[in-house]
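# A structural walkthrough
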Amino acid sequence: MRVGILRGCHGLTLWGRCSFRFPIWPVMIQMVLFLSSLTIFLLLLLVPGGMLTMTGDVLPCFDASTMTLPQDTSCIITVPITLDVASNHGVIVAAKTKNNTQNYAVSLVDNLLQKPSVEELVKSKAVLADGRTLLDTGIIAVRGKAWSELVTLSCSSQQMISELIKIKKEMSLYEDLVAAWVPAKHEWLRKRPLGEELVNKLGKQKMFSYCDYDLLFLHFGTSNEVLEHLSGVGSELVGRRHLCSIPATTAADITASAVILSSKIAPGVSIGEDSLIYDSSISGGIQIGSLCIVVGVNIALDDHLSTEDIKFMLPDRHCLWEVPLVGSGERVLVFCGLHDNPKSSLSRDGTFCGKPWKKVLHDLGIQESDLWESSGTDEKCLWNSKIFPILPYSQMLNVALWLMGLAKPKTEHMLSSLWRSSSRISLEELHRSIDFSTMCIGSSNHQADLAAGIAKACISYGMLGRNLSQLCEEILQKEGSGVEICMDFLGMCPKVQEQNSNILPKSRAYQVQVDLLRACNDEVTACKLEPKVWAAVADETASAVRYGFKEHLSESPGSLSCLEYQNNHHDGHTRQPFHPRMVKVELPVRVDFVGGWSDTPPWSIERAGCVLNMAISLEGSAPIGTVIETTETTGVLITDDVNNKLHIEDYKSISAPFDGDDPFRLVKSALLVTGIIHDNVLVDMGMKIKTWANVPRGSGLGTSSILAAAVVKALLQIIDGDDSTENVARLVLVLEQLMGTGGGWQDQIGGLYPGIKCTSSFPGIPLRLQVIPLLASPQLVSKLQQRLLVVFTGQVRLAHKVLQKVVIRYLRRDNLLVSSIKRLVELAKIGREALMNCDIDELGEIMLEAWRLHQELDPYCSNKSVDRLFSFASPYCSGYKLVGAGGGGFALLLAKDADQAMELRQRLQDNKDLNAKIYNWQIFL
């Protein structure tokens, strides 16, 4: 499982340990942590065994399944980092390593340092042998006895919390609790509010450092770092427009690189390059420069700025946000320069709005005494300057222009007087005065209104591209009226579906209605409508794959039954002489390297797909096959490899739809799609059909589709039909629609075409496939045979359940799913190039990425047994994945070299706990 958390600040001291921060994330995290000071201990009781918290200003990326955290204690996750980076972060001083492996080390925490200098790091013995130090990631786990003590504290914390509120002091979940577990910090903690109680209640426990050598992180400490991330390397992964309402390009000046999230922009607005607008409403006439950040602002120029020719302008490299204040119902506008550091003092190059403080004071005629109390012992800086006025909105906007140096000369004196006479607040005071409840409610209602507008447009104009389910989640956050809005949208659906019937797939239209019904709390009707979704998917797929075939393939035959024919010869029919025939077809299974899901309807009938897979034999033979022989007596006898038998006398009984539990529906469907039933081929003879699949059930090797291909091919050979690979592959697509399994095309392609091939599909009617065989060199074949292990995990997969979840997400137009499958298509093409260049290691990297994408598509495609297998094999492998849809079945383990493959094979055979069976295999050429 890949984990990434965006975090805004260390604890409750919002600005204290970093330069100027991106406003919305610290404010939101501050709110969560403040509420946590009241409720976190009660919430702990809901989580059995312990808790994991993440605080801070970095975006970590790590594999939680590989972590082996110590029991009965608290533990902080660390990662080695260079000293220059450490000087801007928290650092852990760890004792001698207790447990050291290739991927992690566990040590006792000796001390905690905050933004230490190199000298402090050396003095505190925090520098590791390789010249790095341990970065504090802010990820903390509490387990066992340490957890019990926290729970005990929660039962007696009400008095402590009441006292904390009474004295109006802060307790930091990050700083204070952690310090209680580190003896070196006890002296410091005792001087903090209620620090003595924390030391007494929690101080007996120790804290450990879990150093994860593989953890990656992205620092989000300053506003500038946020913008650099959005516009820098990897910015193509960032959605620049999300849940927003923006005008036409001819009605506003909004640069393509601007990021607009959860915001409504009116015509007549200008937004510069690489600026970020979040959770805001901006009216016409507003100018926002480049590299700006605007958060939570609701500027309505027409309402507030009536003075002639006045416009509100936010200069380049500035930040602006709006904050509601507790108790008063008032709001305050906060603004400063992108690079301002609130803790840089007046005497040490401190700035405001990008200008040195001395110049600001000189240009505006402000005295130091206007901003700072002379009796204060703290250094004078932006953090404690009383600079932000609390005024009616229009006046705040005008004063903001003046403070940023943008006011017109004729208004400067008026604005100066207005500012001096106003109540003003500092960032430090603001930190304790934010009305978080009002801020959250306002943000939720704002986003709900935006979502409702987008949903209405989506439903009104076609319902093709938006995730209505996700929009409904936003709409339902609106106080009081969310459900009513969704009910109004539901009433619009039938008319829109009728108007757009030529381009709107019914499956998509039905899914939209199901999502809206659930948003309206009508689960009963939603469940009744769901079968129509799947019926529509089947109909749309059938239309794409049946084109050019006889329309009567699924119809029941019009011929007489065997018994009727034998008792009724007066129709003039002359019995044909019997010529016995027997056909045997054996096919390999397929293993897919990458590209799966892009072959699955409805994706494959609406978008291009591409799969890279390989046909293989197992244990020296092709494991899937059928033997069909004609008989002089009429009727069809079907047997399989588990001794199921069925004798069919009445051919009229062979018709779709089939019972999902019918073990013979595959062969029955094959008799239909080959035309044998409808064309009365069996009037003068009968058949014996025997099938087998010598692989474990639920293998993920494409067994069902490949067996269908074998039966179809053999039947066509019996009747001298077109048994070309292309025709058989398409007939199997039709067959699967008759069966109701709804699978894709890659399985039969994988088994019918030998060797390695890259297959592309092109949507439309008919669905077109292009199979490009890879001419594997002897060197490539040899390397693959030596390094690739084909292993049965011992877990039976349930592909149908996985398939349903993924298809529903696609029908909802889930953005993550769409982007993930697009990436799988791209990886299939890259994988083909890698194999053509005999680059097995790159193939391994592609397999790993494909496996991560499969887990994003459906988290249940893996399980504990599979995770344990991959964790065991990982040190030996350059890549691994489950084949097919996942959930169990077979795994591919691509070793780093032939020697590693041999060692891994031996270790897997020796490890009985994994329950894994290694199969000998060869490329089927």
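Residues numbered from 1 in each chain as written. Predicted model: local features only at pLDDT ≥ 70, side-chain atom pairs only at ≥ 80, totals over all residues. Heavy atoms only, no water.

### As for the overall build of the protein
A tally of regular secondary structure across the protein gives 32 helices and 41 strands. Within the protein, buried positions represent 54% of all 925 residues. Contacts in the protein between residues at least 24 apart in sequence constitute 69% of all its contacts with a sequence separation of at least 6. With the model as given, the accessible surface of the protein reaches about 40,700 Å², and the carbon-plus-sulfur share is 52%. (Helix = DSSP H or I, 4+ residues; strand = E, 2+ residues; numbered from the N terminus. Buried < 20%, exposed > 50% of the residue type's maximum accessible area, 1.4 Å probe, protein only. Contact = heavy atoms within 4.5 Å. Areas by Shrake-Rupley, 256 points an atom, 1.4 Å probe, with all protein chains shown as cover.)

### Considerations on helix α31 (residues 864-873)
Residues of α31 that are buried: V866, L869, F870, F872 and A873. Projected down its long axis, α31 carries its buried residues within an arc of 160 degrees, all on one side. Close packing links the buried residues of α31 with α30 (840-857), β38 (877-882), β39 (890-895) and α32 (898-910). For α31, the side-chain oxygen to backbone nitrogen distance between the N-cap and S865 is 3.1 Å, and the N-cap itself is N863. (Arc of directions from axis to C-beta. Polar contact = N/O pair within 3.5 Å; in protein donor to acceptor, adjacent residues only side chain to side chain.)

### Here we look at the packing of helix α18 (residues 482-499) against helix α19 (residues 506-519)
How two helices pack is summed up by the angle between their axes together with the distance between the axes. Taken N-terminus to C-terminus, the directions of α18 and α19 make an angle of 160 degrees; their axes are 9 Å apart at the nearest point. One way to sum up the angle between α18 and α19 is to call them roughly antiparallel. For the pair α18 and α19, the crossing hand works out as left-handed. Seen from α18, the contacting residues are V483, C486, F489, L490, C493 and Q497; seen from α19, they are K506, A509, Y510, V512, Q513, L516, L517 and A519. Of the residues assigned to the contact of α18 with α19, the class counts are eleven nonpolar, two polar and one charged. (Axes fitted to C-alpha atoms, helices over the stretch in contact; angles between N-to-C directions. Parallel < 35°, antiparallel > 145°, perpendicular 65-115°, else oblique. Left-handed = near helix turned anticlockwise from the far one by under 90°. Nonpolar A, V, L, I, M, F, W, Y, C, P; charged D, E, K, R; others polar.)

### What to know about the sheet that holds strand β12 (residues 253-254)
Spatially, β12-β15-β18-β21 is the arrangement adopted by the four strands of the open sheet, whose pairing is parallel. A single partner strand is all that each edge strand has here, and the edge strands are β12 and β21 (313-314). As paired strands, strand β18 (residues 287-288) and β21 are joined by two bridges and run parallel to one another. Following the sheet pairing, I288 is matched in β21 by L314. (Pairing = 2+ DSSP bridges.)

### Notes on the sheet that holds strand β20 (residues 298-299)
Taken in spatial order, the three strands line up as β14-β17-β20 in an open sheet, and their pairing is parallel. A single partner strand is all that each edge strand has here, and the edge strands are β14 (264-265) and β20.

### So, the pattern of salt bridges
Pairs can form between side chains of opposite charge once their charged atoms are near each other. Tallied over the entire structure, the rule returns 28 salt bridges. Between D592 and R590 there is a salt bridge; the shortest N-O distance is 3.6 Å. R590 shares its class with D592; the two are buried. Close ionic contact of K713 with D723 constitutes a salt bridge, the shortest N to O distance being 4.0 Å. Remark: D723 occurs in the loop between α24 (703-718) and α25 (725-739) and K713 occurs in helix α24; sequence separation between them is ten residues. Taken together, the shared-partner salt bridges connect R590, D592, D747 and K881 into one network. (Salt bridge = Lys/Arg side-chain N within 4 Å of Asp/Glu carboxyl O.)

### Some remarks on the environment of S669
Relative to the assigned elements, S669 resides in helix α23 (residues 665-673). For the pair S669 and L735, spaced 66 residues apart in sequence, the C-alpha to C-alpha distance is 5.7 Å. Discounting residues that sit within four places of it in the chain, S669 has contacts with F658, L735, L738 and M739.

### Here we look at the environment of E649
Looking at the element boundaries, E649 is found in the loop between β33 (645-648) and α23. Given a relative accessible area of 38%, E649 falls into the partly exposed group. Sequence separation between E649 and G635 is 14 residues; the distance between their C-alpha atoms is 4.8 Å.

### Brief notes about the pairing of strand β9 (residues 207-212)
For β9, the tally of buried residues reaches six of six residues, placing the bulk of the element in the interior. Taken together, the five bridges between strand β4 (residues 74-81) and β9 define a ladder with parallel strand orientation. When the sheet's bridge partners are listed, I77 is paired in β9 with Y210. Direction of pairing for strand β7 (residues 104-114) relative to β9: antiparallel, over a ladder of five bridges. Looking at β9, one finds that S107 is bridged to S209.

### Quick notes on unusual backbone geometry
Backbone torsion omega between P601 and P602 reads 5 degrees, so that peptide bond is classified as cis. One can find P602 in the loop between β29 (589-594) and α22 (603-606). Here R813, not a glycine, exhibits a phi torsion of approximately 60 degrees, which is positive. In this fold, R813 is placed in the loop between α28 (799-811) and α29 (815-836). For R813, a relative accessible area of 8% translates into the label buried. The phi dihedral of N915 falls on the positive side, at around 55 degrees, and the residue is not glycine. Turning to its location among the elements, N915 is positioned in the loop between α32 and β40 (917-919).

### Quick look at the side chain of Q746
Turning to its location among the elements, Q746 is positioned in helix α26 (residues 746-752). Separated by 3.0 Å, the side chains of Q746 and N613 make a polar contact. In contact with Q746, other than residues within four places in its own chain, are R590, D592, G596, D599, V611 and N613.

### Some points on the confidence of the model for the protein
Residues at a pLDDT of 70 or more form 87% of the protein, whose mean pLDDT is 84. Segment residues 1-47 is flagged for pLDDT under 50; beyond a separation of four residues in sequence, or across chains, it makes 144 contacts in the model. (pLDDT = per-residue confidence, 0-100.)

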